[in-house]
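# Geometric and topological summary
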Amino acid sequence: MTGPATRVWKGMTIPAAGTYELDQAHKRIGFVGRHMMVSPVRGEFTEGKARIVVDEDPLHSSVVATIRSSSIVTGHDDRDVHLKSPDFLDVERYPTLEYRSTGMVHQDEVDPIFFWARLRGNNRLGRRVGSDLGAPPARASGRFVLKGDLTIKDITRPVDLQVEFGGTRRDLSGQEIFGFTATAEFDREDYGLLWNVALEGGGVLVGKNVRIEIAAEAIRQP
């Protein structure tokens, strides 16, 4: 691609418009479940790819991602085999999980510390609190909500990702990259992942809520 690799938008330096792909060497597609109602179990999918199209208007950008379901690992072989079975992901019948964005919203942020500093300064001068301060000053935010649809076992449901933009720069090999993290939560039973065991005294063996935790870099494509 030609032209500048970055630009300024709402006080932030962001990537230039173009197509970016997930850097396979710098990604973690993680998740957290709950075991016995008391302890978190962390895992990840080691194989996944994403194509990110950054638009001239950043809020019109889009993402399409594909995850290989059989690449799930949790650090326990027997558990991994069970998660790949028809009780859960049924990886033989459903080899991928898919995510496709449908929109993006910027989360404008106000830092209250500046507002209260102004309040204190005005009080020292004997002014009436709030008399002429106006709204708290805006501060550039790297937080976005990526709206989209998650497909697991051919069932598609809306899942919104809370995205934190990490910045953009040129890496050591001269490639233009940007970093980000993203989180979301969903109910696995919405996707037909119903297997469970009732515990004596109440509760279930495997929690219904799943938290997604993604940390990654994306590389600008030629």
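Residues numbered from 1 in each chain as written. Predicted model: local features only at pLDDT ≥ 70, side-chain atom pairs only at ≥ 80, totals over all residues. Heavy atoms only, no water.

## With respect to the overall build of the protein
Stated formally: Helix and strand definitions follow DSSP, with helices as H or I runs of at least four residues and strands as E runs of at least two, each counted in order from the N terminus. Remark: exposure states derive from per-residue accessible area (1.4 Å probe, protein chains only) relative to the maximum for the residue type, with buried under 20%, exposed over 50%, and partly exposed in between. In this analysis, two residues are considered to be in contact whenever any of their non-hydrogen atoms come within 4.5 Å of each other.
The secondary structure content of the protein amounts to two helices and 15 strands. The buried share of the protein, taken over its 222 residues, is 38%. Put simply, of all contacts in the protein between residues at least 6 apart along the chain, 62% involve residues at least 24 apart.

## Focus on the nonpolar core
Operational definition: What makes a nonpolar core is a set of buried Ala, Val, Leu, Ile, Met, Phe, Trp, Tyr and Cys residues whose side-chain atoms join them at distances within 4.5 Å.
With 41 residues, the main nonpolar core has I52, F178 and F186 as its most contacted residues. Looking at which element gives the most residues to this core, the answer is strand β14 (residues 176–187), with five residues. Discounting residues that sit within four places of it in the chain, I52 has contacts with G18, T19, Y20, S62, V63, F178, F180 and A218.

## Observations concerning the packing of aromatic side chains
To keep it simple, the criterion reads: Here the aromatic set is Phe, Tyr and Trp, taking the six-membered ring for Trp, and pairing holds for ring centres within 6.5 Å; pairs whose planes are under 30 degrees apart are stacked, those over 60 apart are edge-to-face, and all others are tilted.
Following the criterion strictly, the structure yields seven aromatic pairs and no others. Arranged with centres 6.1 Å apart and planes meeting at 40°, the rings of F178 and F180 form a pair that is tilted. Summarising the burial analysis for this pair, F178 and F180 share the class buried. A network of ring pairs unites the aromatic residues Y20, F165, F178 and F180 as a single cluster.

## A word on the pairing of strand β6 (residues 62–68)
Formally: Two strands qualify as a pair provided DSSP detects at least 2 bridges between them.
As paired strands, strand β5 (residues 48–54) and β6 are joined by six bridges and run antiparallel to one another. Its bridge partner being in β6, G48 is matched across the sheet by I67. Sheet analysis places β6 next to strand β8 (residues 96–106), joined by five bridges and oriented antiparallel. Counted as the bridge partner of V64 is R100 from β8.

## As for a nonpolar patch on the surface
Quick reminder of the rule: Residues enter patches when their relative accessible area tops 30% and they take part in no salt bridge; the joining distance is 9 Å for like charges and 5 Å for the nonpolar side chains Val, Leu, Ile, Met, Phe, Trp and Tyr. Accessible areas in this description were obtained via Shrake-Rupley with a 1.4 Å probe; residue shielding takes into account the shown protein chains only. Whenever a carboxyl oxygen of Asp or Glu lies within 4 Å of a side-chain nitrogen of Lys or Arg, that contact is scored as a salt bridge.
On the surface, M36, M37 and V38 cluster together into a nonpolar patch covering about 290 Å² of accessible area. Within the secondary structure, V38 is located in the loop between β3 (18–35) and β4 (39–45).

## Observations regarding the pairing of strand β1 (residues 6–9)
Regular strands place side chains that alternate from one sheet face to the opposite one. Taken together, the four bridges between β1 and strand β2 (residues 12–15) define a ladder with antiparallel strand orientation. Bridged to W9 within β2 is M12. The antiparallel hairpin formed by β1 and β2 contains two residues in its connecting segment, where K10 sits at a positive phi of about 50°.

## Some thoughts on the environment of H26
Secondary-structure assignment places H26 in strand β3. For H26, a relative accessible area of 43% gives the class partly exposed. Taking the C-alpha atoms as reference, H26 lies 8.4 Å from A218; in sequence the two are 192 residues apart.

## Let's talk about the pattern of salt bridges
As enumerated under the stated definition, the model contains eight salt bridges in all. We note a salt bridge from D90 to R93, for which the minimum N-O separation is 3.8 Å. We classify D90 as buried; its relative accessible area is 8%. Under the relative-accessibility criterion, R93 is labelled exposed at 59%. With its nearest N and O atoms 3.4 Å apart, the salt bridge here joins E185 to R211. Placement of the pair is E185 in strand β14 and R211 in strand β15 (residues 209–220), with a sequence separation of 26 residues. For R211, a relative accessible area of 30% gives the class partly exposed.

## Some thoughts on the environment of M12
If you trace the backbone, M12 turns up in strand β2. When the C-alpha atoms of M12 and G167 are compared, they prove to be 8.6 Å apart, with 155 residues separating the residues in sequence.

## As for the confidence of the model for the protein
Applied cut-off: The pLDDT value expresses, per residue, how confident the predictor is, ranging between 0 and 100.
Averaged over all residues, the pLDDT of the protein is 89; the fraction at 70 or higher stands at 84%. The low-confidence segment residues 127–133 (pLDDT under 50) makes 10 contacts with residues lying over four places distant or belonging to another chain. Here residues 135–139 is modelled with pLDDT under 50, and outside its nearest four sequence neighbours on either side it reaches 12 contacts, counting other chains as well.

## Here we look at unusual backbone geometry
A positive phi angle, near 50°, is found at K10, a position not held by glycine. Within the secondary structure, K10 is located in the loop between β1 and β2. The exposure class assigned to K10 is partly exposed, which follows from its relative accessible area of 46%. In this structure, M36 takes a positive phi of about 60° despite not being glycine. Following the sequence through the fold, M36 ends up in the loop between β3 and β4. Owing to a relative accessible area of 36%, M36 belongs among the partly exposed residues under this scheme.

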